[in-house]
Amino acid sequence: MTNEPVRTLASRSRRPAVPQNSYLVGLIGSGIGPSLSPALHEREADRQGLRYLYRLIDIDRLGVGPEAVGDLVRAARDLGFDGLNITHPCKQLVIPHLDELAPGAEALGAVNTVVFEGGRAIGHNTDVTGFAASFARGLPDVPLERVVQLGAGGAGVAVAHAVLTLGAGHVTVVDPVPDRASGLAVSLNRHFGEGRAAAASPDLLGALLAGADGVVHATPTGMAAHPGLPFAASLLHPGLWVAEVVYRPLETELLRAARAVGCAVLDGGGMAVFQAADAFRLFTGREPDSGRMLADIAELAGAAGAAGAAGARS
């Protein structure tokens, strides 16, 4: 990587990738031990006859902070990795350490996929396309005039862009960090047009949900390591659809509570699969079978949930 400013991918032509049958990729993030990404990628690669190793690079286990992401990206490039996925809390911190950004990643200010090409690190974001594909498949006919989104971190930025791309009239971003919520709202209005987004504090969530068509949950609450509800179940009502980003477990406490009151719901498995499929395509140049990968995640998440339940009983 160079010290020159990060450029968008459109600023220069790209050479086609050299065909190959062996790939080394990885995931950088915090607390990623339970991630299903390695199995999702490796299973699809096996079906396509590829040698494909997917390694976890957990900053917690390494004893380093998120700011070490640049060193880790450089090390992976030097060690011959073909690409990396990037997750919490490094999706935004990684950008200054890249050589180029695809237009979607530049618009978002967040990167979840890095492809090494000709010694250069190129940042992409497949979270937007992943969530959009999952939402269109799982909640195709729900109203989108008034959407509330809880969470404005790396995943939240991507999901908000996806929701507005899908045709939402207005998105209200709620986050306990006011500057983060307002910053995302400003960015969304700049990209999609004034009046399409606003920020609000968590104490207004009850009133917002009462008048909303749907809510997107984009915080870590509900993950295996962060159990619980992101807000009181009493705020749910049958006229509300609920879309979840968390996929471990697929059935979060929020989704269980939403189903109980009659909400249409979308689990986080589809986003995990479609973003992984898009990353797989970027890494290999080959077309993944997202249908097979959806079956994979249902099996993998179910097995993980059963193992977790058995561990809790032992």
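Relevant structure appears above.
Residues numbered from 1 in each chain as written. Predicted model: local features only at pLDDT ≥ 70, side-chain atom pairs only at ≥ 80, totals over all residues. Heavy atoms only, no water.

Caption draft 1: Main features of the pairing of strand E8 (residues 146–150). Within E8, 4 of the 5 residues are buried, leaving the element largely enclosed by the surrounding structure. Here 5 bridges tie E8 to strand E9 (residues 170–174), and the two strands are oriented parallel to one another. Across the sheet, residue Val148 finds its bridge partner in E9, namely Thr172. In this region the chain leaves E8, passes through helix H6 (residues 154–165) and returns to the parallel neighbour E9; the handedness of that crossover is right-handed. Two strands pair when backbone bridges link them, and E8 and strand E11 (residues 214–217) are joined in this way by 4 bridges, in the parallel orientation. Note on E11: the bridge partner recorded for Val148 is Val215. (Buried < 20%, exposed > 50% of the residue type's maximum accessible area, 1.4 Å probe, protein only. Helix = DSSP H or I, 4+ residues; strand = E, 2+ residues; numbered from the N terminus. Pairing = 2+ DSSP bridges. Right-handed = clockwise from strand over helix to strand, strands pointing away.)

Caption draft 2: Highlighting helix H1 (residues 37–47). Looking at H1, one finds that the buried residues are Ser37, Pro38, Leu40, His41, Glu44 and Ala45. Gly49, located one to two residues past H1, shows a positive phi value of around 75°.

Caption draft 3: Spatial organisation of the sheet that holds strand E12 (residues 241–244). Sheet architecture is open: 6 strands sit in the order E10-E9-E8-E11-E12-E13, paired in parallel fashion. Looking at the sheet topology across the chains shown, the edges are occupied by strand E10 (197–200) and strand E13 (265–266). Together, E8, E9 and E10 form the strand contacts of helix H7 (residues 178–192), whose direction differs from that of E10 by roughly 175°. (Contact = heavy atoms within 4.5 Å. Axes fitted to C-alpha atoms, helices over the stretch in contact; angles between N-to-C directions.)

Caption draft 4: The environment of Gly138, seen in detail. The topology assignment puts Gly138 in helix H5 (residues 127–138). Distance in space between the C-alpha atoms of Gly138 and Ala243 is 9.3 Å, their sequence separation being 105 residues.

Caption draft 5: Summary view of unusual backbone geometry. Here the residue pair His88 and Pro89 is connected by a cis peptide bond, since its omega of 5° sits within 30 degrees of zero. Secondary-structure assignment places Pro89 in the loop between strand E4 (83–86) and strand E5 (100–101). Cis peptide bonds are those with omega within 30 degrees of zero, and the linkage from Arg248 to Pro249 qualifies with 5°. On the secondary structure map, Pro249 appears in the loop between E12 and helix H9 (253–260).

Caption draft 6: Just the pattern of salt bridges, in detail. Counted under the stated rule, the structure contains 16 salt bridges. For Lys91, the salt bridge goes to Asp127, with nearest N and O atoms at 2.7 Å. Of this pair, Lys91 sits in the loop between E4 and E5 while Asp127 sits in helix H5, and the two are 36 residues apart along the sequence. Comparing Lys91 with Asp127 shows no difference in burial state: the two are buried. If you follow the salt bridges from partner to partner, you end up with Arg43, Glu44, Arg47, Asp289, Arg292, Asp296 and Glu299 in one network. (Salt bridge = Lys/Arg side-chain N within 4 Å of Asp/Glu carboxyl O.)

Caption draft 7: Main features of the nonpolar core. Ranked by size, the top nonpolar core spans 33 residues in total, and within it Phe131, Phe135, Val147, Val163, Val216 and Trp241 carry the most contacts. Secondary-structure elements contributing two or more residues to this core are H5, H6, E9, H7 and E12. The biggest single contributor to this core is H6, with 7 residues. Contact partners of Phe135, with chain neighbours within four places excluded, come to Pro140, Val142, Leu144, Leu166, Trp241, Ala243 and Leu266. (Core = buried A, V, L, I, M, F, W, Y, C linked by side-chain atoms within 4.5 Å.)

Caption draft 8: Structural detail: the packing of aromatic side chains. Using the criterion set out here, one finds 4 aromatic pairs in the structure. Centroid distance Tyr52 to Phe280: 5.4 Å. Interplanar angle 25°. Geometry classified as stacked. In this pair, Tyr52 is assigned in strand E3 (residues 51–58) and Phe280 in helix H10 (residues 269–284), connecting sequence segments 228 residues apart. Here the two residues Tyr52 and Phe280 agree in accessibility, since each one is buried. For the ring pair Phe135 and Trp241, a centre distance of 5.1 Å and an interplane angle of 75° mean the geometry is edge-to-face. Residue Phe135 is found in helix H5, and its partner Trp241 is found in strand E12; the two are separated by 106 residues along the sequence. We classify Phe135 as buried; its relative accessible area is 3%. (Phe/Tyr/Trp six-rings, centres within 6.5 Å; stacked < 30°, edge-to-face > 60°.)

Caption draft 9: Examining the environment of His88 more closely. Along the chain, the position of His88 falls in the loop between E4 and E5. Given the relative accessible area of 53%, His88 is considered exposed. For the pair His88 and Ala155, spaced 67 residues apart in the sequence, the C-alpha separation amounts to 8.1 Å. Beyond its immediate chain neighbours, meaning those up to four positions away, His88 contacts Gly29 and Ser30.

Caption draft 10: Layout of the side chain of Asp58. The residue Asp58 is located in strand E3 in this model. Summary of buried charges: Asp58 has no salt-bridge partner, and the nearest side chain of opposite charge, Arg61, is 5.9 Å away. From its side chain, Asp58 meets the backbone nitrogen of Ile32 in a polar contact 3.0 Å long. In terms of polar contacts, Asp58 uses its side chain to reach the backbone amide nitrogen of Asp60, at 2.8 Å. Non-local contacts of Asp58, meaning those with residues more than four positions away in its chain, are made with Gly29, Ser30, Gly31, Ile32 and Gly33. (Lys, Arg positive; Asp, Glu negative; His and termini not counted. Polar contact = N/O pair within 3.5 Å; in protein donor to acceptor, adjacent residues only side chain to side chain.)

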